[in-house]
Amino acid sequence: MQKVRKGVITVAGLGTRFLPATKAMPKEMLPVLDKPVVQYIVEEMAASGITEIIFVTSSQKRAIEDHFDRDRDYEAYLERQGKLDRIQSLIDLNKKVRFFYTRQSEPLGNGHALLCAREFIGDEPFAFSDGDSIIDAKTPVIAQLLDIFYKKKSSIIGVQKIESKEEMQKYGNVYGKPLGKGLYRVSEFREKPTLEHVSPHGLIVGGMRYILTSDIWNILQEQGTGKDGEIWLADAAHTLAKKKKFFAYEYEGEYFDTGNKLALLKTAIHFAEKEGLL
Ligand code: UTP
């Protein structure tokens, strides 16, 4: 089985829930303590063995490119100040990962954004993450999924199990047959179902993490628009699950949304407690 080397992170959304903060700054660059949200995701991919990451960006997202690039003059300055260690994590990432960028000209949905990376990925299997979910896990979630991917050789999504049926209505739900040890054969994906139709196993898409095979491309290309006139990756995954084996895995780890004000604050509090700052 081909080793998974490439990852896609979509960061082209408008981030309107954080305006005015995100008028000129990408929402994925908002900090959780001293690190931007998107760096947590890049670190997860790098620690999972991904060596090439393509960001699907848009205008006003240039700060992401600058963030992951080396700046020798700035590094030399910090070194003279005795502060180089403050960006050491970025220097280390840059040695492990090559970064690429492509643009989504209009925010037509996460599936449309992913399609923008098609040429870069080619026929290889690849990792996918959205740009605004952090998962705090002992083993990086992408690595947990890759472990299963290499055994099953089929697309796989990371899922969370929750108890409250009311809560489940707020998320994408995943349906399928339990295979044991947190693994499921997926039969269906449904976005925000009504109470009587929530997933019987309590599975939701909490933090978007997929390992996908090239089967996804033609499906996405031909799919057309769904809810809110956007092209959704979950719709393409649903179609793929009907055609081929598609797995879901209840990953070990705690998912943190950062896409709205309160969620970002709660995420910061979690990491502040973890660092002993609170
Ligand atoms: P969201 O749908 O949560 O929101 O995107 P958004 O558009 O960024 O922000 P709001 O709702 O206006 O506040 C989830 C992730 O998918 C990316 C976003 O950049 C974010 O990382 N995305 C979303 C795209 O790249 N393209 C899209 O067309 C939509």
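Before any of the text, the structure's been laid out above.
Reading guide: rules and limits
- Residues numbered from 1 in each chain as written.
- Predicted model: local features only at pLDDT ≥ 70, side-chain atom pairs only at ≥ 80, totals over all residues.
- Heavy atoms only, no water.
- Helix = DSSP H or I, 4+ residues; strand = E, 2+ residues; numbered from the N terminus.
- Rg over C-alpha atoms; globule rule 2.2 N^0.38 Å.
- Buried < 20%, exposed > 50% of the residue type's maximum accessible area, 1.4 Å probe, protein only.
- Contact = heavy atoms within 4.5 Å.
- Areas by Shrake-Rupley, 256 points an atom, 1.4 Å probe, with all protein chains shown as cover.
- Lys, Arg positive; Asp, Glu negative; His and termini not counted.
- Charge placed at Lys NZ, Arg CZ, Asp CG, Glu CD.
- Phe/Tyr/Trp six-rings, centres within 6.5 Å; stacked < 30°, edge-to-face > 60°.
- Lys NZ or Arg CZ within 6 Å of the ring centre and 35° of its normal.
- Salt bridge = Lys/Arg side-chain N within 4 Å of Asp/Glu carboxyl O.

1. A few points about the overall build of the protein chain
Helices and strands together make up the secondary structure of the protein chain, namely eleven helices and 14 strands. Taking 19 Å as the expected radius of gyration for a compact globule of 278 residues, we find that the protein chain reaches 19 Å, a close match to that expectation. Across its three principal directions, the C-alpha atoms of the protein chain cover 60 × 40 × 35 Å. Here the protein chain holds 278 residues, and 50% of them are scored as buried. Summarising the internal contacts of the protein chain: among those between residues at least 6 apart in sequence, 77% fall at separations of at least 24. Carbon and sulfur atoms provide 49% of the accessible area of the protein chain, an area that totals close to 13800 Å². Computed over 40 positive and 39 negative side-chain charges, the inter-centroid distance for the protein chain is 4 Å.

2. Here's the deal with the packing of aromatic side chains
Tallied over the full model, the rule gives eleven aromatic pairs. Measuring from centroid to centroid gives 5.3 Å for Phe 55 and Tyr 101, while their planes differ by 15°, and the two rings are stacked. You can see Phe 55 sitting in strand β4 (residues 52-57) and its partner Tyr 101 sitting in strand β5 (residues 98-103), a full 46 residues away along the chain. Taking 5.9 Å as the distance between ring centres and 65° as the angle between the ring planes, the aromatic pair formed by Phe 149 and Tyr 150 counts as edge-to-face. Among the aromatic residues, those joined into a cluster by ring pairs are Phe 55, Phe 68, Phe 99 and Tyr 101. We note Lys 6 situated over the ring of Phe 120; from NZ or CZ to the ring centre the distance is 4.8 Å. In this structure, Arg 190 is placed above the aromatic ring of Tyr 175, and the distance from its NZ or CZ to the ring centre is 5.3 Å.

3. Some words on the pattern of salt bridges
Pairing between side chains of opposite charge can happen when the charged atoms of each approach one another. This model, assessed by the stated rule, comprises 16 salt bridges. Of the charged contacts, one joins Asp 147 and Lys 151 as a salt bridge, the two residues approaching to 3.7 Å between their closest N and O atoms. Separated by four residues within a single helix, Asp 147 and Lys 151 lie in helix α7 (residues 141-152), roughly one turn from each other. Across the pair Asp 228 and Lys 227 runs a salt bridge whose closest N-O atoms are separated by 3.3 Å. Residue class for Asp 228 comes out exposed when judged on its relative accessible area of 63%. Within the structure, one salt-bridge network assembled from shared partners comprises Arg 5, Lys 6, Glu 52 and Glu 124.

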